[in-house]
Amino acid sequence: MRITVIGTGYLGAVHAACMADLGHEVLGVDTDTQKIAALQDGRAPFFEPGLEDILVRAVGSGKLRFSTSLQEAAEFGDVHFICVGTPQLPGGTGADLSHIEAVVDGLAPHLRRDCLVIGKSTVPVGTAARLAARIARLAPVGEAAGLAWNPEFLREGFAVQDTLRPDRIVAGVTTEAADTALRAVYASVLDLGTPYITTDLATAELVKVAANAFLATKISFINAVANVCDAAGADVMTLADALGHDTRIGRRFLSAGLGFGGGCLSKDIRAFMARADELGVGDSLQFLREVDQINTGRRTLAVDMARELAGGSFAGRNVAVLGAAFKPDTDDVRDSPALEVARVIQSEGAVVRVHDPRATYNARRACPALDYAEEAVKACEAADMVLHLTEWREYHEIDPFELASVVRTPRLLDGRNVLPLDQWRAAGWTVRSLGGADR
Ligand code: UDX
């Protein structure tokens with residue numbers, strides 16, 4: 001099939017490359033000319049494991065190319081995936097739909113033949129139906145330009161795998177033709193036995209926000225329990241392991257620590273609440289306010305624990321921060337808990353030096369006032385404390401004996417509950433962890 005993918009961020013670039021990998025002819029479109037130039041050269045404009053390999057292959061084979069023209073996209077595609085961002089509204093909690101609306105308004109007037117526009121972005125329920133009407137009104141071909149909603153569930157760091165071997169495909173459609181087109185797009189993925197759920201537009205939109213709300217709730221649940229564990233001298237990690245053996249609960253997303261960040265979970269639960277308010281059922285999602293507050297409370301708790309480790313004040317202290325990305329295996333720093341903690345500690349008078357294996361470039365742009373180090377050990381030189389805030393594999397392999405000889409005072413806060421703290425203690429470190437009582 002001839003597919004366009006409009007918006008080449010973390011979602012769209014991966015989707016475009018994977019669709020070409022599945023054998024389709026793909027045109028990726030973005031307004032960012034630099035990004036388009038990099039992609040056309042086979043270079044991923046961000047770090048995502050496995051992406052560059054399939055990008056090089058797809059561009060090299062001629063199956064994948066890029067453009068900035070929506071008119072070219074309209075002329076080329078049988079189906080058009082919309083993958084642009086829907087960030088939180090500045091000064092509000094709802095979703096900013098301006099990017100998605102700009103795509104529809106730019107694309108639809110050029111749609112002169114039968115085609116299907118497929119939304120993948122996360123949107124407030126009701127958006128798809130509204131956009132379908134808008135496309136039919138603006139497109140020269142009228143209702144022959146259909147609309148479907150096919151939410152993405154990919155995780156950064158596993159985006160290629162999640163696209164080529166998803167847990168499920170959700171297809172929100174209003175016509176049989178749309179369902180047939182979606183099944184054709186994903187034919188080889190469906191051949192692997194991937195569950196395919198056909199539903200209406202509203203349900204498809206809601207599946208995505210409900211999934212993210214559930215994941216966020218699971219994380220905040222364990223973090224709330226971690227507070228009780230702390231107070232009672234219990235170990236939340238052992239508790240989570242024990243809970244996880246119950247297959248009704250499962251162990252994933254039960255890791256207590258600094259909480260969730262990134263471009264999705266926080267803004268999606270806020271937009272979900274805002275939309276429920278508009279629909280007059282805001283009370284039903286009241287608990288998500290708690291979920292959000294528990295999550296932001298973890299960042300405050302990390303700062304408080306670090307201050308205590310510093311002897312009550314950060315003034316004049318050197319603080320090393322390991323991790324800037326919102327989670328490992330990505331260079332994404334959007335709503336990164338690690339960076340926020342670093343920023344607050346710096347604002348209280350510490351000299352904060354940050355290390356991240358991949359996200360330094362983005363972190364520097366987001367927080368230019370922090371210091372950055374190219375190596376973890378450099379970030380820790382003469383530090384009064386080390387804060388482990390994003391659980392990159394390489395931090396797990398740090399030798400606490402060696403690091404103890406580099407810092408000024410061997411004090412550690414493990415914000416992700418994964419370091420072998422007994423070894424750190426044995427190497428002379430004073431250790432605290434976020435939720436592990438005294439693991
Ligand atoms: C999420 C959803 O998982 C994905 O399905 C959706 O499409 C987009 O949003 P992503 O933002 O890439 O994906 O990250 P995810 O792996 O879900 O992690 C989110 C945050 O939760 C990270 O900051 C992570 O550190 C944190 N987390 C995760 C925990 O604090 N504890 C856990 O047990 C799991």
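Note that the structure is a prediction, hence the values are computed from the model and not measured.

Caption draft 1: Representation of the overall build of the protein. Per the secondary structure count, the protein includes 19 helices and 14 strands. At 23 Å, the protein has a C-alpha radius of gyration in line with the 22 Å of a compact globule built from 439 residues. Taken along the three principal axes of its C-alpha coordinates, the protein extends 70 × 50 × 40 Å. Burial statistics for the protein: of 439 residues in total, 53% are counted as buried. Contacts in the protein between residues far apart in sequence, at least 24 positions, make up 71% of those at least 6 positions apart. Accessible surface for the protein amounts to roughly 18400 Å². Of this, 52% is attributable to carbon and sulfur atoms. Charged side chains of the protein number 44 positive and 57 negative; the gap between the two group centres comes to 1 Å.

Caption draft 2: Expanded view of the layout of surface pockets. A volume near 270 Å³ is recorded for the second largest pocket. For the second largest pocket, the lining is made up of 15 residues, of which E143, A145, G146, L147 and T175 are closest to its centre. Sorting the residues of the lining of the second largest pocket by element identifies β5 (115-119), α6 (127-138), β6 (145-149) and α8 (176-185) as the ones contributing at least two each. A class-by-class count of the residues in the lining of the second largest pocket yields 11 nonpolar, three polar and one charged.

Caption draft 3: The pattern of salt bridges, seen in detail. Evaluation of the coordinates by the stated rule reveals 26 salt bridges. A salt bridge links R57 to D21, with the nearest nitrogen and oxygen atoms 2.9 Å apart. One end of the pair, R57, is in helix α3 (residues 51-61); the other, D21, is in helix α1 (residues 10-21), and 36 residues separate them in sequence. Relative accessible area serves as the criterion here: at 47%, R57 is assigned to the partly exposed category. Of the charged contacts in the structure, one is a salt bridge between R43 and D41, with a shortest N-O distance of 3.1 Å.

Caption draft 4: View of the site of the ligand. Surrounding the ligand, one finds 20 residues, the nearest of these being F153, L154, E156, S255 and K327. In this structure, K327 approaches the ligand through a side-chain N or O atom, which is 2.8 Å from an oxygen atom. When isolated, the ligand has an accessible area of 670 Å², and the protein chains bury 92% of it. Broken down by element, the shell around the ligand gets its largest block of residues, four residues, from helix α10 (residues 201-232). Classifying every residue of the shell around the ligand by side-chain character gives 10 nonpolar, four polar and six charged. Counting only domains with at least three residues in the shell around the ligand, you end up with domain 1 (2-199) and domain 2 (200-439).

Caption draft 5: Region of the structure containing the packing of α10 against helix α11 (residues 236-244). Two elements in contact, α10 and α11, have axes separated by 9 Å at closest approach and are oriented at 135 degrees. One element, α10, and the other, α11, form an angle in the oblique class. Between α10 and α11 the crossing geometry is right-handed. Every residue of α11 that contacts α10 at F221, I222, V225, A226 and C229 is listed here: V236, L239, A240 and L243. In terms of residue class, the contact of α10 with α11 is built from nine nonpolar, no polar and no charged.

Caption draft 6: Summary view of the domain arrangement of the protein. When its domains are assigned, the protein resolves into domain 1 (2-199) and domain 2 (200-439). Each of domain 1 and domain 2 has a C-alpha centre, and the two are 32 Å apart. In this assembly, 33 residues from domain 1 lie in contact with 29 residues from domain 2. Considering only the side of domain 1, the residues that lose the most area to domain 2 are F47, V125 and E156, jointly responsible for 29% of the buried surface there. Here domain 1 and domain 2 share two salt bridges between them. Residues E152 and K208 are paired through a salt bridge, measuring 2.9 Å at the closest nitrogen-oxygen approach. In this assembly, domain 1 and domain 2 are joined by 14 residue pairs in polar contact (both at pLDDT 80 or more). Sorting the residues of the side of domain 1 that touches domain 2 by element identifies α6, β6 and β7 (169-172) as the ones contributing at least two each.

Caption draft 7: Quick peek at the packing of helix α13 (residues 286-309) against helix α14 (residues 337-347). Packing of α13 against α14 brings their axes to within 10 Å, and their N-to-C directions diverge by 45 degrees. Taken together, the axes of α13 and α14 are oblique relative to one another. The two elements α13 and α14 cross, and the hand of that crossing is right-handed. Of the residues in α14, those touching α13 at R299, A302, V303 and A306 are P337, E340, V341, V344 and I345. Taken together, the residues of the contact of α13 with α14 sort by class into seven nonpolar, no polar and two charged.

Thresholds, definitions, all that
Residues numbered from 1 in each chain as written. Predicted model: local features only at pLDDT ≥ 70, side-chain atom pairs only at ≥ 80, totals over all residues. Heavy atoms only, no water. Helix = DSSP H or I, 4+ residues; strand = E, 2+ residues; numbered from the N terminus. Rg over C-alpha atoms; globule rule 2.2 N^0.38 Å. Buried < 20%, exposed > 50% of the residue type's maximum accessible area, 1.4 Å probe, protein only. Contact = heavy atoms within 4.5 Å. Areas by Shrake-Rupley, 256 points an atom, 1.4 Å probe, with all protein chains shown as cover. Lys, Arg positive; Asp, Glu negative; His and termini not counted. Charge placed at Lys NZ, Arg CZ, Asp CG, Glu CD. 1 Å grid on protein atoms, 1.4 Å probe; cavity = no way out; pocket = protein on both sides within 12 Å on 5 of 7 lines; lining within 4 Å. Points joined across faces, edges and corners; volume = space filled by probe spheres on them. Nonpolar A, V, L, I, M, F, W, Y, C, P; charged D, E, K, R; others polar. Salt bridge = Lys/Arg side-chain N within 4 Å of Asp/Glu carboxyl O. Near = heavy atom within 4 Å. Polar contact = N/O pair within 3.5 Å; in protein donor to acceptor, adjacent residues only side chain to side chain. Domains from an automatic or database assignment. Axes fitted to C-alpha atoms, helices over the stretch in contact; angles between N-to-C directions. Parallel < 35°, antiparallel > 145°, perpendicular 65-115°, else oblique. Left-handed = near helix turned anticlockwise from the far one by under 90°. Buried area = accessible area lost by both parts, 1.4 Å probe.

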